[in-house]
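# Fold and geometry: a report
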Amino acid sequence: MTQPAYVVDEMISAKAIAARIEELCREIVKEFRDTDKLVVVGLLRGSFVFIADLVRELDLPVEVDFLEASSYGDGMESSREVRILKDLRGAIEGRDVLVVEDIVDTGYTLHHVEKLLRSRNPKRMRTIALLDKPVRREVDFKADWIGFEIPDEFVVGYGIDFAQRNRNLPFIGKVRFTQQG
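Residues numbered from 1 in each chain as written. Predicted model: local features only at pLDDT ≥ 70, side-chain atom pairs only at ≥ 80, totals over all residues. Heavy atoms only, no water.

### A word on the packing of aromatic side chains
Rules: For this analysis, a ring pair means two rings from Phe, Tyr or Trp (six-membered ring only for Trp) whose centres lie within 6.5 Å, classed as stacked if their planes differ by under 30 degrees, edge-to-face if by over 60, and tilted for the remaining angles. Only protein chains enter the accessibility calculation, which uses a 1.4 Å probe; a residue is then buried when its area is under 20% of its type maximum, exposed when over 50%, and partly exposed in between. The numbering of helices and of strands both runs from the N terminus, where a helix is a DSSP run of H or I of at least 4 residues and a strand a run of E of at least 2.
For the structure shown, the criterion picks out four aromatic pairs. With a centroid separation of 5.2 Å and an interplanar angle of 80 degrees, the aromatic rings of Phe-154 and Phe-162 are classed as edge-to-face. Classification of Phe-162 by relative accessible area gives buried; the value is 5%. Aromatic pair Phe-162 and Phe-177: ring centres 5.9 Å apart, planes at 90 degrees, arrangement edge-to-face. Taken together, the residues Phe-162 in the loop between β8 (155-156) and β9 (172-177) and Phe-177 in strand β9 connect sequence positions 15 residues apart. The exposure class assigned to Phe-177 is partly exposed, which follows from its relative accessible area of 38%. Members of the aromatic cluster, joined through ring pairs, are Tyr-6, Phe-154, Phe-162 and Phe-177.

### What about the nonpolar core?
The nonpolar side chains of a soluble globular protein tend to be buried, and buried together. As a reminder of what qualifies: Only buried residues count toward a nonpolar core. Its members are Ala, Val, Leu, Ile, Met, Phe, Trp, Tyr and Cys residues joined through side-chain atoms within 4.5 Å. The contact rule is simple, with two residues in contact once any of their heavy atoms fall within 4.5 Å.
In terms of nonpolar packing, the biggest core is built from 28 residues, with Ile-28, Phe-50, Leu-54, Ile-128, Leu-131 and Ile-172 touching the most fellow members. Those elements that provide at least two residues to this core are α1 (14-31), β2 (38-44), α2 (48-57), β5 (96-104), β6 (124-132) and β7 (145-149). Element by element, the count of residues in this core is highest for α1, at five residues. Apart from the residues lying within four places of it in its own chain, the contact partners of Phe-50 are Ile-21, Leu-24, Val-100, Glu-101, Ile-128, Ala-129, Leu-130 and Tyr-158.

### Remarks on the sheet that holds β9
Put simply, the test is: What makes two strands pair is DSSP finding at least two bridges between them.
The antiparallel open sheet is built from three strands, whose spatial order is β1-β9-β8. Among the strands making up the open sheet, the edge pair consists of β1 (6-12) and β8. The sheet contact formed by β1 and β9 spans six bridges and is antiparallel. Along β9, the bridge assignment pairs Tyr-6 with Phe-177.

### Remarks on the sheet that holds β2
This is how the line gets drawn: Only the stretch in contact is used when fitting a helix axis, every axis being a line fitted to C-alpha atoms; angles between N-to-C directions are given from 0 to 180 degrees.
Across the sheet, which stays open at both edges, the six strands sit in the order β4-β3-β2-β5-β6-β7 with mixed pairing between neighbours. The sheet terminates laterally at β4 (83-86) and β7, the two strands that pair on one side only. For this sheet the average axis-to-axis angle between neighbouring strands, irrespective of direction, equals 25 degrees. As judged from the three bridges shared by strand β3 (residues 62-70) and β4, these two strands associate in the antiparallel manner.

### Notes on the pattern of salt bridges
Spelled out, the test is: The salt bridge definition used is simple: a Lys or Arg side-chain nitrogen within 4 Å of an Asp or Glu carboxyl oxygen.
Under the criterion given, the structure shown has 17 salt bridges. Notably, a salt bridge pairs Glu-114 with Arg-118, separated by 3.1 Å at the nearest N-O pair. A residue pair is termed a helical-turn pair when its members lie 3 or 4 positions apart in one helix, as Glu-114 and Arg-118 do in helix α3 (residues 108-118) at four residues. Judged by its relative accessible area of 16%, Glu-114 falls in the buried class. Judged by relative accessible area, which is 40%, Arg-118 ranks as partly exposed. Taking the shortest distance from any N to any O, the salt bridge between Arg-137 and Asp-132 comes out at 2.3 Å. Residue classification places Arg-137 among the partly exposed positions, given a relative accessible area of 21%.

### Thoughts on the side chain of Thr-127
If you trace the backbone, Thr-127 turns up in strand β6. Thr-127 sits in the buried class, given a relative accessible area of 1%. Residues within four places of Thr-127 in sequence aside, it is in contact with Leu-98, Val-99, Leu-110, Glu-114, Phe-141, Lys-142, Ala-143, Asp-144 and Trp-145.

See below:
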């Protein structure tokens, strides 16, 4: 199967992302100022760039762990079936936890992951997503912090991919499909 032809139009600049991360980190530090260590749980793979920039801005003692959940595969539509492909390495019971997601679309993935992690009895748990598409929500879920609310567009860049492409773009871009000649 061949990859459809498309171009990527910049939607949110690298500079705007960096500025928003600074703002979000000030709020997170205020929320967790009394923690002895914040466990930052990144949802792989789309959030890895966001996690890296986020933890560098957090003026807190942090530990980073990862969980890989999937509801997309290589497609553009959620399957609504969330599978855990990689679980956390460490325990979170009695610990402060920040769950980091790249994009909240239907809400299934973050809702499922939050429920799973809450069952492990963290002391305090909050969620953050770089992007939010509330118009696509099918599950009643809202992250504690949102970087940017976006319209119902298929986006890539800044760690977010389309069939494993475009993760390395420094900005968030809208995918626009073109006619193949």
